[in-house]
Protein chains: 4
Amino acid sequence: MAEKKKVGILGASGYTGAELVRLLLRHPKIELTLLTADRRAGQAMGDVFPQFAPYSLPRLTAIDRIDWPQQQLDLIFCALPHGTTQTVIKDVLSKIPDVKIVDLSADFRLQSPEAYAKWYGHAHLALELQSEAVYGLVEVYRREIRKARLVANPGCYTSCALLPLIPLLKAKAIEADEIVVDAKSGMTGAGRSAKEEMLFSEVSEGFHAYGVGQHRHMSELDQEFSKAAGKEVIASFTPHLVPMNRGILSTIYVRGRRGKTAEDLHAALAQQYEKEPFVYVLPFGKTPQTRHVRGSNMTFIGVAADRQPGRAIIVSTLDNLTKGASGQAVQNMNLMLGFAETLAIDLPAMFP
Amino acid sequence: MAEKKKVGILGASGYTGAELVRLLLRHPKIELTLLTADRRAGQAMGDVFPQFAPYSLPRLTAIDRIDWPQQQLDLIFCALPHGTTQTVIKDVLSKIPDVKIVDLSADFRLQSPEAYAKWYGHAHLALELQSEAVYGLVEVYRREIRKARLVANPGCYTSCALLPLIPLLKAKAIEADEIVVDAKSGMTGAGRSAKEEMLFSEVSEGFHAYGVGQHRHMSELDQEFSKAAGKEVIASFTPHLVPMNRGILSTIYVRGRRGKTAEDLHAALAQQYEKEPFVYVLPFGKTPQTRHVRGSNMTFIGVAADRQPGRAIIVSTLDNLTKGASGQAVQNMNLMLGFAETLAIDLPAMFP
Amino acid sequence: MAEKKKVGILGASGYTGAELVRLLLRHPKIELTLLTADRRAGQAMGDVFPQFAPYSLPRLTAIDRIDWPQQQLDLIFCALPHGTTQTVIKDVLSKIPDVKIVDLSADFRLQSPEAYAKWYGHAHLALELQSEAVYGLVEVYRREIRKARLVANPGCYTSCALLPLIPLLKAKAIEADEIVVDAKSGMTGAGRSAKEEMLFSEVSEGFHAYGVGQHRHMSELDQEFSKAAGKEVIASFTPHLVPMNRGILSTIYVRGRRGKTAEDLHAALAQQYEKEPFVYVLPFGKTPQTRHVRGSNMTFIGVAADRQPGRAIIVSTLDNLTKGASGQAVQNMNLMLGFAETLAIDLPAMFP
Amino acid sequence: MAEKKKVGILGASGYTGAELVRLLLRHPKIELTLLTADRRAGQAMGDVFPQFAPYSLPRLTAIDRIDWPQQQLDLIFCALPHGTTQTVIKDVLSKIPDVKIVDLSADFRLQSPEAYAKWYGHAHLALELQSEAVYGLVEVYRREIRKARLVANPGCYTSCALLPLIPLLKAKAIEADEIVVDAKSGMTGAGRSAKEEMLFSEVSEGFHAYGVGQHRHMSELDQEFSKAAGKEVIASFTPHLVPMNRGILSTIYVRGRRGKTAEDLHAALAQQYEKEPFVYVLPFGKTPQTRHVRGSNMTFIGVAADRQPGRAIIVSTLDNLTKGASGQAVQNMNLMLGFAETLAIDLPAMFP
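Residues numbered from 1 in each chain as written. Chains lettered and ligands numbered in written order. Predicted model: local features only at pLDDT ≥ 70, side-chain atom pairs only at ≥ 80, totals over all residues. Heavy atoms only, no water.

1. Here's the deal with the relation of the copies chain A and chain B
Phase 1 of the analysis: The two copies are related by a screw motion: chain A maps onto chain B through a turn of 180 degrees and a shift of 0.0 Å along the axis, at an RMSD of 0.0 Å. Within this description, the copies of the chain are treated as partners about a two-fold rotation axis. (Least-squares fit on C-alpha atoms with pLDDT ≥ 70 in both.)

2. Focus: the pattern of salt bridges
Phase 1 of the analysis: Enumeration according to the criterion identifies 80 salt bridges over all chains in this entry.
Phase 2 of the analysis: Two residues, lysine 184 of chain B and aspartate 182 of chain A, come together in a salt bridge whose shortest N-O distance is 2.9 Å. Taken together, the residues lysine 184 of chain B in strand S8 (residues 180–185) and aspartate 182 of chain A in strand S8 (residues 180–185) connect one chain to another. For the pair formed by lysine 184 of chain B and aspartate 182 of chain A, the shared burial category is buried.
Phase 3 of the analysis: Glutamate 31 of chain D serves as the salt-bridge partner of lysine 6 of chain D, at 3.6 Å between the closest nitrogen and oxygen. Of this pair, lysine 6 of chain D sits in strand S1 (residues 5–10) while glutamate 31 of chain D sits in strand S2 (residues 30–36), placing them 25 residues apart in sequence.
Phase 4 of the analysis: Judged by relative accessible area, which is 31%, glutamate 31 of chain D ranks as partly exposed. (Salt bridge = Lys/Arg side-chain N within 4 Å of Asp/Glu carboxyl O. Helix = DSSP H or I, 4+ residues; strand = E, 2+ residues; numbered from the N terminus. Buried < 20%, exposed > 50% of the residue type's maximum accessible area, 1.4 Å probe, protein only.)

3. Some thoughts on the interface of chain A and chain B
Phase 1 of the analysis: The interface is formed by 49 residues belonging to chain A together with 49 residues belonging to chain B.
Phase 2 of the analysis: Taking both sides of the interface into account, the surface hidden between chain A and chain B amounts to around 4100 Å²; carbon and sulfur atoms contribute 49%.
Phase 3 of the analysis: Together, Glu205, Phe207 and Arg307 of chain A form the three largest contributors to the area buried by chain A at its contact with chain B, with a combined 21%.
Phase 4 of the analysis: For the pair chain A and chain B, the number of links is 4 salt bridges.
Phase 5 of the analysis: Breaking the side of chain A that touches chain B down by element, the ones donating at least two residues are S8, helix H9 (200–203), strand S9 (208–209), helix H10 (217–229), strand S10 (236–241), strand S11 (248–255), strand S13 (299–305) and strand S14 (311–318) of chain A.
Phase 6 of the analysis: Here the side of chain A that touches chain B gets 4 residues from one element, more than from any other, and that element is S8 of chain A.
Phase 7 of the analysis: Split into classes, the residues belonging to the side of chain A that touches chain B amount to 22 nonpolar, 15 polar and 12 charged. (Contact = heavy atoms within 4.5 Å. Buried area = accessible area lost by both parts, 1.4 Å probe. Nonpolar A, V, L, I, M, F, W, Y, C, P; charged D, E, K, R; others polar.)

4. Some thoughts on the relation of the copies chain D and chain C
Phase 1 of the analysis: Note on the copies: chain D fits chain C at an RMSD of 0.0 Å, the axial shift is 0.0 Å, and the rotation between them is 180 degrees.
Phase 2 of the analysis: Same-surface contact between copies: 100% of interface residues of chain D are shared with the interface of chain C.

5. Brief notes about the packing of helix H8 (residues 156–170) of chain A against helix H11 (residues 262–272) of chain A
All names here are of chain A.
Phase 1 of the analysis: It is the contact of H8 with H11, at a shortest axis distance of 10 Å, that shows an interaxial angle of 105 degrees. When the axis of H8 is compared with that of H11, the two are roughly perpendicular. Between H8 and H11, the contacting residues are Leu163, Pro164, Pro167 and Leu168 on the first element and Leu265, Ala268, Leu269 and Gln272 on the second.
Phase 2 of the analysis: Looking at side-chain class alone, the contact of H8 with H11 contains 7 nonpolar, 1 polar and no charged residues. (Axes fitted to C-alpha atoms, helices over the stretch in contact; angles between N-to-C directions. Parallel < 35°, antiparallel > 145°, perpendicular 65-115°, else oblique.)

6. Section: helix H5 (residues 113–120) of chain C
Residues and elements named next belong to chain C.
Phase 1 of the analysis: All of the buried residues in H5 are Tyr116, Trp119 and Tyr120. End-on, the buried residues of H5 take up no more than an arc of 85 degrees, which puts them together on one face. In H5, the exposed positions that point more than 90 degrees away from the buried face belong to Glu114 and Lys118.
Phase 2 of the analysis: Lining the buried residues of H5 we find helix H4 (84–95), helix H6 (127–132) and helix H10 (217–229).
Phase 3 of the analysis: One side-chain oxygen at the N-terminal end of H5 lies 3.2 Å from the backbone nitrogen of glutamate 114; it belongs to serine 112.
Phase 4 of the analysis: Positive phi appears at glycine 121, one or two residues downstream of H5, with a value of about 80 degrees. (Arc of directions from axis to C-beta. Polar contact = N/O pair within 3.5 Å; in protein donor to acceptor, adjacent residues only side chain to side chain.)

7. Quick notes on the packing of helix H1 (residues 15–24) of chain B against helix H12 (residues 322–336) of chain B
All names here are of chain B.
Phase 1 of the analysis: The geometry of H1 relative to H12 is characterised by a closest axis approach of 9 Å and an angle of 50 degrees between their N-to-C directions. Our classification of the angle between H1 and H12 gives oblique. Seen from above, H1 lies across H12 with right-handed handedness. On the side of H1, the interface is formed by Thr16, Glu19, Leu20, Arg22, Leu23 and Leu24, while H12 contributes Thr322, Ala325, Ser326, Gly327, Ala329, Val330 and Met333.
Phase 2 of the analysis: The residue inventory of the contact of H1 with H12, partitioned by class, reads 7 nonpolar, 4 polar and 2 charged. (Left-handed = near helix turned anticlockwise from the far one by under 90°.)

8. Topic: the pairing of S8 of chain B
Residues and elements named next belong to chain B.
Phase 1 of the analysis: Most of S8 is tucked away, with 6 of its 6 residues classed as buried.
Phase 2 of the analysis: Burial along S8 is two-sided: the residues Val180, Asp182 and Lys184 and Val181, Ala183 and Ser185 are all buried.
Phase 3 of the analysis: Two strands pair when backbone bridges link them, and S8 and strand S10 (residues 236–241) are joined in this way by 6 bridges, in the parallel orientation. Counterpart to valine 180 in the pairing with S10 is serine 236.
Phase 4 of the analysis: Alignment of S8 against strand S11 (residues 248–255), held across 6 bridges, turns out to be antiparallel. Its bridge partner being in S11, valine 181 is matched across the sheet by isoleucine 252. (Pairing = 2+ DSSP bridges.)

9. A word on the packing of aromatic side chains
Two numbers describe a pair of aromatic rings. These are the distance of the centres and the angle of the planes.
Phase 1 of the analysis: A complete count under the given rule lists 29 aromatic pairs over all chains for this structure.
Phase 2 of the analysis: Residues tyrosine 157 of chain B and phenylalanine 237 of chain B carry aromatic rings whose centres are separated by 5.5 Å and whose planes lie at 80 degrees to one another, so their mutual orientation is edge-to-face. In this pair, tyrosine 157 of chain B sits in helix H8 (residues 156–170) while phenylalanine 237 of chain B sits in strand S10, placing the two residues 80 residues apart along the sequence.
Phase 3 of the analysis: Of the residues examined, tyrosine 157 of chain B reaches a relative accessible area of 3% and is grouped as buried.
Phase 4 of the analysis: Geometrically, the ring pair formed by tyrosine 280 of chain C and phenylalanine 300 of chain C is tilted, given 5.1 Å between the ring centres and 55 degrees between the ring planes. With tyrosine 280 of chain C in strand S12 (residues 279–281) and phenylalanine 300 of chain C in strand S13 (residues 299–305), this residue pair connects regions lying 20 residues apart in the sequence.
Phase 5 of the analysis: By the ring-pair criterion, three or more aromatic residues cluster together here, those being Phe351 of chain B together with Tyr15, Phe49 and Phe52 of chain C. (Phe/Tyr/Trp six-rings, centres within 6.5 Å; stacked < 30°, edge-to-face > 60°.)

10. Points about the side chain of glutamate 139 of chain D
All names here are of chain D.
Phase 1 of the analysis: The residue glutamate 139 is located in helix H7 (residues 138–147) in this model.
Phase 2 of the analysis: Looking at glutamate 139, the relative accessible area reads 9%, which means it is buried.
Phase 3 of the analysis: Leave out the neighbours within four places in its chain, and glutamate 139 touches Leu163, Tyr273, Glu276, Phe278, Val279, Lys323, Gln328 and Gln331.

Following this line, the structure appears as structure tokens:
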């Protein structure tokens, strides 16, 4: 048997880090040889996530203690906060330029320096890397990802809206300037930092919208929608928080172009995704539930006719930690390291 | 002190029945003298809802056992299932024509016999009463309700969308044919009947849309939107289920007419509801949460600018069992019996 | 009408503060004239708890900005953290010695300076007040509370175990050295501070014990159990966290003394609490649910026979924010100010 | 590669059926060739559990339509309701006596015909099979299971209490007549049948005990505790329902015998389970959480000292659908078919 590839996770103490470990522990062709978490450095992974206590895993290290060349890493998952990520990755690649990186932050998702500066309020600190990075939505950029050194893993809200809409925009099957994306997310999408508004008692037994009108996720939507449509697209987008852990569901209101009906849109998506292992289009008129993709790398998409003639309602769902983050990241890794694309992420969803 | 009015509840073993009892137990001017529940007849209310075991309440009776004149009821709340309601009310009013009725079912909400037949698949069985019934949304029909014998309490989804949109449609401030209402409801909205899809393990930790494209609630929306706009209005409407007990939140996408901005829409709503005891308009740009109206009779409305010029996002929330059903019903009763409108329903929300 | 009494809340931005405001807004004989919250000073109560935005309430103040005599307060609720409370109350009483205080912290619950020092690791800083304070469990100390200046409102876990067990210990009906109290609490019992272990995603969809073997609540149990039994009692006690907002339920395993059966224990409790407005003993063999006391000031107690001869299982439940904290505090206030004991806290539970 | 074994599931439309499919879809040495569900016969598994829609699985069949010999099954999982199971299995084994069966119902768990008749109210209908059946708790009966034709998979509550207590009872390390097991379960333990008391709105945001004093699970506890202790053992046992989907946690109060301390009990368990793949004993004083075993086949056990000298508190947790049902069943299958014991059930827990 060939030697296993060495893989590290920067920022292993957050939820996407834990999800990476859950998936990678069962990957037959890689071994986890490095886990970092600055504030928890020195601790065992089982101290931070007790579910891993029975497993043999490297101790958590601080990033600035790492001798990069000595690690002999083949690939790094970077699950660090936005902002610091770009300096860390720049530094790592200066020391070990041959390593491959899948970045789960937002730092390398925007390809235009201007767009980045506008949405994040400062110039990007690693401009050459920004232009090198490939947007890691496998179903759209599979070919580029295979050859990439640095892949920017897409945002969870974004993936959930892009997968149903990109094929329709490319085919000019829907009006690009009448898209409404009403998105709902479970709480793990907000991460593991201790904030009052994320306490159980603030979140359970309730529902609310946030960032109404302006939200950074929109910049990613704009970029990919516009690229697909071949012209500038600005969609209405509202994120909401659901009192559940995992799952994103987007209800998307569109109008068909040139007489395209809801059935036509459904047929186009069904054909587009027929052979994709991680996208499933439900029969026409049926719509999906978050719970049926929980813990899996699947995206479920449903299309129904609106009662307003010419309009359709598309419902799309994925697990924000899996296909929306870490599962997508492993899918990217599999391509980048030449493995079968579905390796270790072919788990059925866990319902109930 | 004047004698208390005698009040009955038909269908007291469901959630809206329990909510009526919760509110009415503290009403200083009425006494509950009749509670019915056919399948639980003979039981104490505390057997069906243990929270009421410490209170003195009439035992549950079967409807067909009641000697109506002898009951000397002043007002009846009817919380029976759709369909049977119309024959029951017809029968009751034939025996005690002077009683006042607040009906919580959908049976008398549609005013057009044709619309009723279309959405419910059969002719209405009490056509004269259908034309007599007043639509019980107090903020819109207060004057008519004061004089009404039969009030059709509005649906929960409907109320949540009507309160923000009726004033805007009346003022012709928004485009009537571009309205998208994305609505999310807690589980009590689905009632207390034992169905697999309502089990805890089917519902918790997940989120989904249902009735996409076609849903009976739309008929009520159509009627009231069209009346307000003075022309036929057909909105896009999608209901969803949230893993929580109480609360409805609607995210509403609209386009201003004749240069009206989101700020203009906000100002119009703020002015409209300034003196209403049960509608609160948040400062511009802020949006409400279901938990902050839980158990209260309040509707909270927020308005924010969409980033697409000319468009606004309105978020409206109420407790589906209170302002969306039983609280609204008590508000109607207060008007019909000449009491202060806020009596017994001026409870602050319970959060957390 | 007599003038309303002036009441203040120190620490109004926490959950017990919000619960006090919810209850007191409807109290006909008091007005809230002072609300403090150091970190939120200057904000409106509606900024901190949006459900109160529609109400007229004083702005939040910092404690050290208050001119105490000028406030002319009749009673103060103190909902500050343990530890700082004793110095604040000492200071307040030095300036306005006639004010009455209901303290919701643990600072004045232990009556022995030694016990306090042992469990809290330092000498009490207001020893005279410690000896003056009355333990505010109304059903046990009603007479003392009426005359008290300073009342120490009991802990939520403690109240839930004391109400069923004190009468049995006083009557020597159970073995005092074989008591096991297995207690489960909703998350609001842990307060509103932002800690990782209290995040929604850490708490939902799971269950766990904490503080196993040693927990400060035990000191209160020891004190009151021992006082009732007339000898030292040390019970086994384990607290757990339930993914819900409100409610404590204790499952209590006891052995009858001198042939007392489970039925005997039930009869004793039923008789003891027959006339108490806030304690309800279920029929023998039935056990209560937290949801049926939610938002109310009730304690529900059930007694069933264990299958082991001579042993009984007692299940007791209350809402930790109401009877377990703020409702109990208002009950104390009502006695201290000479009002009817049930004023403003006679709300039925809110279920569902 | 050797041919895959053919495996069937009787009763695939319930939660344990879905959990078997989730686990077995990834088992490299078996193929699912038969799925039954009488009321859903003719439907696809993806109609009953949409998460399986993307997978290729046999359609659901009615049991009485099956030509057993033609199926050539190597092993059957029986996930049918208690009662009917015994006649179905008797019939199946009369037609294909060489098939191996793992039964997930309670029908073959009790080994004494008298105990069965007492707890279930009627004589067992397949007495020879009852005496043949092996109790399928692998960590205790591994050797017998390898050779068994019919294995009775243990109950979820039972497994959670047996794993920590059997070694201690065998070693006579604890008093056998002072055991209190306070058990809490997620809602999937109650199955998928539509009952009012299992509706989301009846269960969420609350907590309660049920079956207090008498519960059929006790018969299994009695049998295995007594066998381990070598004398009759009757423990106090109270089950509770937690508003979560998966997980059982038992808080167990014991007294050490002959001077055994909590540390001694911990050491005994740690040693006992050192090499077991599916039991993990936490460091002394730490206690586990249900969420850290969710979806995995692990049992986590913690031991802490009670403050009462000589007493200890043991906390044990497992996922009721995995180690408490279907994961344990696959573990049994792996042994019965000669596979590696951990095959397909070595998934790490899914948290959050």
